[in-house]
Amino acid sequence: MQTSIAPGLPDASQTLDVRAFINQRALSRNQWILVLLCFLIVAVDGMDVAIMGFVAPSIIQDWQISRPAFGLVMGAAPMGLAVGALLAGPSSDWWGRRKVLIGSVLVFGLCTLFTAWTRNTTEMAVLRFLTGLGLGAAMPNTTTLLSEYVPERRRAFLVAAMFTGFNLGSAVVGFVAAALIPRFGWQSVLVLGGALPLVLLPLLLVYLPESARFLVVRGTETAKVAGVLSRMCGASMQGVVKFVSGESEVKSRQPMAVLFLPEYRLRTLTLWVTYFMGLLVIYLTTSWLPTMMRDAGMSIDRAASVTAMFQLGGTVGALVVGWLMGRLNPNRVIAGSYVMGAVALVVMGLNGLNSLWVVAFVVAVGFFLSGAQTGLNGFAPSCYPTLARATGVSWMLGVGRLGSILGSSIGGVLMTIGWGFEGIFIALAVPAILAGGAILLNRRGGE
């Protein structure tokens with residue numbers, strides 16, 4: 001007779017609950033390495049997502065094209081992100097997190113590099129779409145893989161900390177653009193943005209593990225699960241004859257079907273609405289704020305530097321929101337952050353770009369809105385079982401990316417038809433409030 005054991009070092013022929021085992025142990029050296037690797041992946045992902053917003057003013061000037069015409073390029077990557085996320089989640093739940101994640105980094109690194117040599121908006125839009133496919137696949141898989149290797153009591157903070165890499169990468173590329181464009185042109189920023197993910201690939205091939213919980217759910221042989229879990233947690237698996245995931249039985253074996261089972265349907269829909277609204281606000285802000293500032297008389301390097309402060313504010317906000325989520329009701333923490341972001345948007349819109357406090361306003365908007373969005377990334381994995389976790393997270397990202405497509409594309413149109421800075425940013429408070437309201441409803445989906 002096999003005995004299901006409490007977490008600890010197994011020493012007899014027993015069944016090991018992988019979820020409980022990870023939850024009740026301290027993080028090992030290799031688990032911390034995984035946190036660092038996921039942070040670095042998300043950082044280069046953030047650089048390549050945000051990169052076009054910082055080089056756009058220079059390209060528009062260099063190619064002598066209108067803002068609406070360049071909107072095709074601005075919207076191409078978010079569209080690719082949406083498609084990439086929608087495809088990556090089910091693929092990851094069938095084939096594994098590691099394979100899909102490594103492939104995604106290779107794709108977006110190469111495509112960003114090749115974008116530096118495009119000659120027109122059509123070529124650039126195609127490559128940005130392909131870049132988006134890789135970017136969209138990376139985000140849900142880092143979230144899923146990390147969430148399956150860290151204790152649940154620390155999940156929200158560690159996933160939020162990982163996602164500060166996205167904000168940091170987005171901010172760093174702003175400062176890099178400010179330094180490189182005046183000296184070497186906008187192409188140099190794209191070359192650097194493509195090279196960094198490729199430099200990261202050898203480390204991923206050596207150190208990135210497959211999820212032990214995924215292997216268990218997929219019925220992988222015991223010896224392979226034991227090897228992966230032993231290496232990651234620094235514990236001997238000798239004597240273990242069976243691994244289990246420690247989750248309630250799911251009524252469907254198809255990941256997509258799980259998202260719409262009665263116990264998960266409300267969670268799925270509210271996550272989609274919240275992510276859509278949040279990305280609409282964030283992408284319109286980060287994609288078009290440098291151009292608005294340039295039109296207001298700022299230099300390109302000054303506009304890039306000020307916009308980068310949005311991401312720095314978001315980095316701090318993500319840590320604060322993640323920390324609060326581990327101590328308070330996570331739905332209310334995320335909702336409150338969205339509402340405060342709406343207030344900050346209105347205040348910034350009313351004061352204008354020439355305000356002496358414009359940097360503080362940009363930091364505040366980034367702190368609350370990007371902090372809430374990052375908190376949502378940390379919250380989503382807890383809404384789904386292992387069988388459908390990558391699918392649930394990736395479809396939240398994919399459907400939500402429609403908001404980023406809309407935000408990236410309509411900024412130039414709104415300015416062309418006469419909307420000013422004040423009107424645009426006050427109007428953005430509405431979707432921010434809707435995001436906060438939607439995530440509050442998520443708690444009714446049950447646990």
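Computed from a predicted model, the values in this text were never measured in an experiment.

Here we come to the overall build of the protein chain. When its secondary structure is counted, the protein chain shows 17 helices and 3 strands. Relative to its length of 447 residues, the protein chain is compact, with a C-alpha radius of gyration of 22 Å against a globular reference of 22 Å. Its C-alpha atoms give the protein chain principal-axis dimensions of about 75 × 45 × 35 Å. Looking at the protein chain residue by residue over its 447 residues, the buried ones come to 61%. Of the contacts made within the protein chain by residues no fewer than 6 positions apart, 84% connect residues no fewer than 24 positions apart.

So, on to the packing of helix α13 (residues 330-351) against helix α14 (residues 358-379). Direction vectors running N to C along α13 and α14 enclose 155°, while the axes themselves pass 8 Å from each other. Considering their axes alone, α13 and α14 lie roughly antiparallel with respect to each other. Pair α13 / α14 crosses with left-handed handedness. Of the residues that constitute the contact of α13 with α14, the class distribution is 19 nonpolar, 7 polar and no charged.

Counted at 1.5 Å a residue, the expected span for α13 with its 22 residues is 32 Å, and the 32 Å between its end C-alpha atoms agrees. Residues Asn331, Val333, Ile334, Ala335, Ser337, Tyr338, Gly341, Ala342, Ala344, Leu345, Met348 and Gly349 constitute the buried set of α13. With a side-chain oxygen lying 2.9 Å from the backbone nitrogen of Asn331, the N-terminal cap of α13 falls on Asn329.

The next subject is unusual backbone geometry. Most peptide bonds take the trans form, and the phi angle of most residues other than glycine is negative. For Gln64, which is not a glycine, the phi torsion comes out positive at approximately 55°. Inspection of the secondary structure assignment puts Gln64 in the loop between α2 (29-63) and α3 (67-95). The exposure class assigned to Gln64 is exposed, which follows from its relative accessible area of 67%.

Tracing the chain through its elements places Arg155 in helix α6 (residues 152-184). Once residues within four sequence positions are removed from consideration, Arg155 is found in contact with Ser147, Val150, Arg213, Gly378, Pro381 and Ser382.

Under the definition given, this model contains 5 salt bridges. The salt bridge partner of Glu148 is Arg389, with a shortest N-O separation of 2.8 Å. With a gap of 241 residues between them, Glu148 in the loop between α5 (121-147) and α6 and Arg389 in helix α15 (residues 389-416) connect regions that are remote in the sequence. Here the two residues Glu148 and Arg389 agree in accessibility, since each one is buried. The salt bridge partner of Glu152 is Arg155, with a shortest N-O separation of 3.9 Å. You can see Glu152 and its partner Arg155 sitting in helix α6, 3 residues apart, about one turn around the helix. Residue classification places Glu152 among the partly exposed residues on the basis of a relative accessible area of 29%.

Counting residues in each nonpolar core, the largest one holds 132 residues, and the members touching the most others are Met52, Phe70, Leu204, Leu229, Phe243, Leu271 and Leu376. Per element, the largest residue contribution to this core is 17 residues, and it comes from α2. The residues contacting Leu271, other than those within four sequence positions of it, are Leu376, Phe379, Ala380, Cys383, Tyr384, Met396, Ile439 and Asn442.

Basis of the calculations
- Residues numbered from 1 in each chain as written.
- Predicted model: local features only at pLDDT ≥ 70, side-chain atom pairs only at ≥ 80, totals over all residues.
- Heavy atoms only, no water.
- Helix = DSSP H or I, 4+ residues; strand = E, 2+ residues; numbered from the N terminus.
- Rg over C-alpha atoms; globule rule 2.2 N^0.38 Å.
- Buried < 20%, exposed > 50% of the residue type's maximum accessible area, 1.4 Å probe, protein only.
- Contact = heavy atoms within 4.5 Å.
- Axes fitted to C-alpha atoms, helices over the stretch in contact; angles between N-to-C directions.
- Parallel < 35°, antiparallel > 145°, perpendicular 65-115°, else oblique.
- Left-handed = near helix turned anticlockwise from the far one by under 90°.
- Nonpolar A, V, L, I, M, F, W, Y, C, P; charged D, E, K, R; others polar.
- Expected span 1.5 Å × (residues − 1).
- Polar contact = N/O pair within 3.5 Å; in protein donor to acceptor, adjacent residues only side chain to side chain.
- Salt bridge = Lys/Arg side-chain N within 4 Å of Asp/Glu carboxyl O.
- Core = buried A, V, L, I, M, F, W, Y, C linked by side-chain atoms within 4.5 Å.

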